[in-house]
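Single-letter residue listing:
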Amino acid sequence: MTLSHSEIKEMLSLGEIEAEGLFARATAVREQVCGKFIYLRGLVEYSNSCRKNCFYCGIRREMPDIDRYTLSDDEVLDAARFAMLHGYGSVVLQAGESTSRSYTDRITSLIRRIREITPASVGLTDEQTRGWDTSLGVTLSLGEQSPETLREWFAAGASRYLLRIEASDPGLYASIHPRGALHSYDRRRKALEDLRDAGFAVGTGVMIGLPGQTMDHLAADLLFMQREQIDMCGMGPYIDCAGTPMAGCELPSGKDRIYLTLKMIAVLRLLMPDINIAAATALETLDPQGRIKALAAGANVVMPNITPGAAARGYRLYDNKPLPGVLDTENLGFCRGKAGDPLHYKLRRS
Ligand code: 5AD
Ligand code: SF4
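Calculation criteria
- Residues numbered from 1 in each chain as written.
- Chains lettered and ligands numbered in written order.
- Predicted model: local features only at pLDDT ≥ 70, side-chain atom pairs only at ≥ 80, totals over all residues.
- Heavy atoms only, no water.
- Core = buried A, V, L, I, M, F, W, Y, C linked by side-chain atoms within 4.5 Å.
- Buried < 20%, exposed > 50% of the residue type's maximum accessible area, 1.4 Å probe, protein only.
- Helix = DSSP H or I, 4+ residues; strand = E, 2+ residues; numbered from the N terminus.
- Contact = heavy atoms within 4.5 Å.
- Near = heavy atom within 4 Å.
- Nonpolar A, V, L, I, M, F, W, Y, C, P; charged D, E, K, R; others polar.
- Polar contact = N/O pair within 3.5 Å; in protein donor to acceptor, adjacent residues only side chain to side chain.
- Areas by Shrake-Rupley, 256 points an atom, 1.4 Å probe, with all protein chains shown as cover.
- 1 Å grid on protein atoms, 1.4 Å probe; cavity = no way out; pocket = protein on both sides within 12 Å on 5 of 7 lines; lining within 4 Å.
- Points joined across faces, edges and corners; volume = space filled by probe spheres on them.
- Phe/Tyr/Trp six-rings, centres within 6.5 Å; stacked < 30°, edge-to-face > 60°.
- Salt bridge = Lys/Arg side-chain N within 4 Å of Asp/Glu carboxyl O.
- Axes fitted to C-alpha atoms, helices over the stretch in contact; angles between N-to-C directions.
- Left-handed = near helix turned anticlockwise from the far one by under 90°.
- Expected span 1.5 Å × (residues − 1).
- Arc of directions from axis to C-beta.
- Parallel < 35°, antiparallel > 145°, perpendicular 65-115°, else oblique.

### Remarks on the nonpolar core
In this structure, Leu 140, Leu 222 and Met 235 are the most contacted members of the largest nonpolar core, which totals 99 residues. With eleven residues, the top contributor of residues to this core is helix α9 (residues 254–271). When sequence neighbours within four positions are dropped, the list of residues in contact with Leu 222 reads Ile 8, Leu 12, Met 235, Met 264, Val 267, Leu 268 and Leu 271. One finds Val 92, Leu 162, Ala 201 and Cys 335 within the second-largest nonpolar core, a separate group that totals eleven residues.

### Topic: the site of ligand 2
Taken together, the residues surrounding ligand 2 are Cys 50, Lys 52, Cys 54, Tyr 56, Cys 57, Ile 59, Arg 60 and Gly 96. Class assignment of the residues belonging to the shell around ligand 2 gives a composition of five nonpolar, one polar and two charged.

### Regarding the site of ligand 1
For ligand 1, the full set of nearby residues is Tyr 56, Cys 57, Gln 94, Arg 164, Glu 166, Met 207, Pro 237, Tyr 238, Ile 239, Leu 317 and Tyr 318. Tyr 56 has a polar backbone atom sitting 3.0 Å from a nitrogen atom of ligand 1. Here a nitrogen atom of ligand 1 sits 2.7 Å away from a polar atom, N or O, in the main chain of Ile 239. In isolation ligand 1 has 400 Å² of accessible area, and contact with the protein removes 87% of it. For the shell around ligand 1, the class distribution of residues is eight nonpolar, one polar and two charged.

### What about empty space enclosed by the protein?
In total, this model carries one cavity of 30 Å³ or more according to the counting rule given. Approximately 30 Å³ is the volume found for the largest cavity. Around the largest cavity, the lining residues are Met 84, Gly 89, Trp 132, Asp 133, Ser 135, Leu 136 and Gly 337.

### Concerning the side chain of Glu 97
Tracing the chain through its elements places Glu 97 in the loop between β2 (90–95) and α4 (101–115). From its side chain, Glu 97 meets the backbone nitrogen of Glu 144 in a polar contact 3.0 Å long. The contacts of Glu 97, once residues within four sequence positions are left out, are Ser 49, Cys 50, Arg 51, Lys 52, Leu 142, Gly 143 and Glu 144.

### Some remarks on the packing of aromatic side chains
Ring pairs (aromatic) are described by centroid distance and by the angle formed between their planes. The tally for this structure, following the rule as stated, stands at six aromatic pairs. Arranged with centres 6.2 Å apart and planes meeting at 90°, the rings of Phe 82 and Tyr 88 form a pair that is edge-to-face. Residue classification places Phe 82 among the partly exposed residues on the basis of a relative accessible area of 37%. A relative accessible area of 12% places Tyr 88 in the buried class.

### Quick word on the layout of surface pockets
Taken as a whole, the second largest pocket spans an internal volume of roughly 220 Å³. Considering the residues around the second largest pocket, the lining is formed by Leu 12, Gly 209, Leu 210, Gln 213, Thr 214, Met 215, Leu 218, Pro 252, Asp 256, Tyr 259, Leu 260 and Lys 263. Elements that contribute at least two residues to the lining of the second largest pocket include exactly α8 (215–227) and α9. Top element by residues in the lining of the second largest pocket is α9. It accounts for four residues. Within the lining of the second largest pocket, the residues separate by chemical class into seven nonpolar, three polar and two charged.

### Looking at the pattern of salt bridges
Applying the stated criterion across every chain, the model contains 25 salt bridges. The shortest N-O distance in the salt bridge between Glu 16 and Lys 255 comes to 2.9 Å. Of this pair, Glu 16 sits in helix α2 (residues 16–34) while Lys 255 is found in helix α9, placing the two residues 239 residues apart along the sequence. Residue Glu 16 is classed as partly exposed on the basis of its relative accessible area, which comes to 40%.

### Remarks on the packing of helix α1 (residues 5–12) against α8
It is the contact of α1 with α8, at a shortest axis distance of 9 Å, that shows an interaxial angle of 115°. Every pair of crossing elements has a handedness; the one defined by α1 and α8 is right-handed. Judged by residue contacts, His 5, Ile 8, Lys 9 and Leu 12 of α1 engage Met 215, Asp 216, Leu 218, Ala 219, Ala 220, Leu 222 and Leu 223 from α8. Tallied by class, residues from the contact of α1 with α8 come to eight nonpolar, one polar and two charged.

### Section: α2
Residue pairs spaced three or four apart in an α-helix point in one direction, given the helix's 3.6 residues per turn. For α2, spanning 19 residues, the distance from its first C-alpha to its last is 26 Å, which sits close to the expected 27 Å at 1.5 Å a residue. Within α2, burial applies to Ala 19, Leu 22, Phe 23, Ala 26, Thr 27, Val 29, Arg 30 and Cys 34. The buried residues of α2 all sit within an arc of 165° when viewed along its axis, so they share a single face. Exposed residues pointing more than 90 degrees away from the buried face of α2 are listed as Ile 17, Glu 18 and Gln 32. Close packing links the buried residues of α2 with α1, β1 (38–47), α9 and α11 (290–295).

### What about the packing of α4 against helix α5 (residues 147–156)?
Orientation of α4 relative to α5, taken along the N-to-C sense of each, is 20°, at an axis distance of 8 Å. Taken together, the axes of α4 and α5 are roughly parallel relative to one another. Handedness of the α4/α5 crossing: right-handed. Judged by residue contacts, Arg 101, Thr 104, Asp 105, Ile 107, Thr 108, Ile 111, Arg 112 and Arg 115 of α4 engage Thr 149, Glu 152, Trp 153 and Ala 156 from α5.

Have a look at this one:
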């Protein structure tokens, strides 16, 4: 549907009780267009090494005293087999940004090997997997890469890519990143175009509750996503991280950031009914029920962390990042064994 900048701002300013109506509307649209099911993606945090220095991030290059790790091929493949075995349908490989040739080659080979995993290869029977896809969907979240690398990864079998714009306003973007070519807003915009040109279903998103962020910024973020016709979105609250240049900034309360995120999800669902919207992990840092609430406000994807040994590793983007396994999925209807491409992507490619 179409909403004006000022209509969106009004919706984002709704009080807690009025917002319930917005969440119900968004859920009705989600169920009507995407179906009742929630999709699961197994999140694999491949490496916490990063060449960039974003002011907000706990694994930035200049962060002192953190143990940098990269998973072995076997660890990644074990996680992917776990995802297949549990009917997750697809995996997301996420890491800090690295662009060396040896790194991009390793990712290419991992994508191919993940795509070779079948229900039978993890010991599932035809009976158990009737109606399932025969291979896992592969989503990448590996930062800005060259058009050639993106084409290579797409050809290897990855079909979706997540690259948050973080803040669609160039001024706000500049205020949370160092100056220079490595952190350029224009470069990030170009990277999003390159993803689309390479053939990927494109996901983006923003952080909510950033210092200096206004309702105007947030309304403009949603209109940006609609204008760019994105296929997927992941957005979550900004969370303070000790030791980063932005640590200690004054922020809206945790509760306000949660509600704002839920309202952003709900309005986006109304603007773009057929995209996939993820319930971000960061929501859970501020509220144990945060992700569940997002699923009741229009989101249709959850990404449980399946990184082997995740608890012991330092993929710590922000303080109090939740450990795997805290999602209470008991009462939710999950779609098993389906990669679940965004409907928006299927329609735009057909
Ligand atoms: N709070 C919330 N989200 C963060 N990210 C990085 N640092 C933080 C933080 N302090 C998010 C960024 C990035 C994603 C992988 O994690 O949006 O794109
Ligand atoms: Fe690196 Fe991403 Fe963190 Fe920026 S947000 S420092 S690119 S991991």
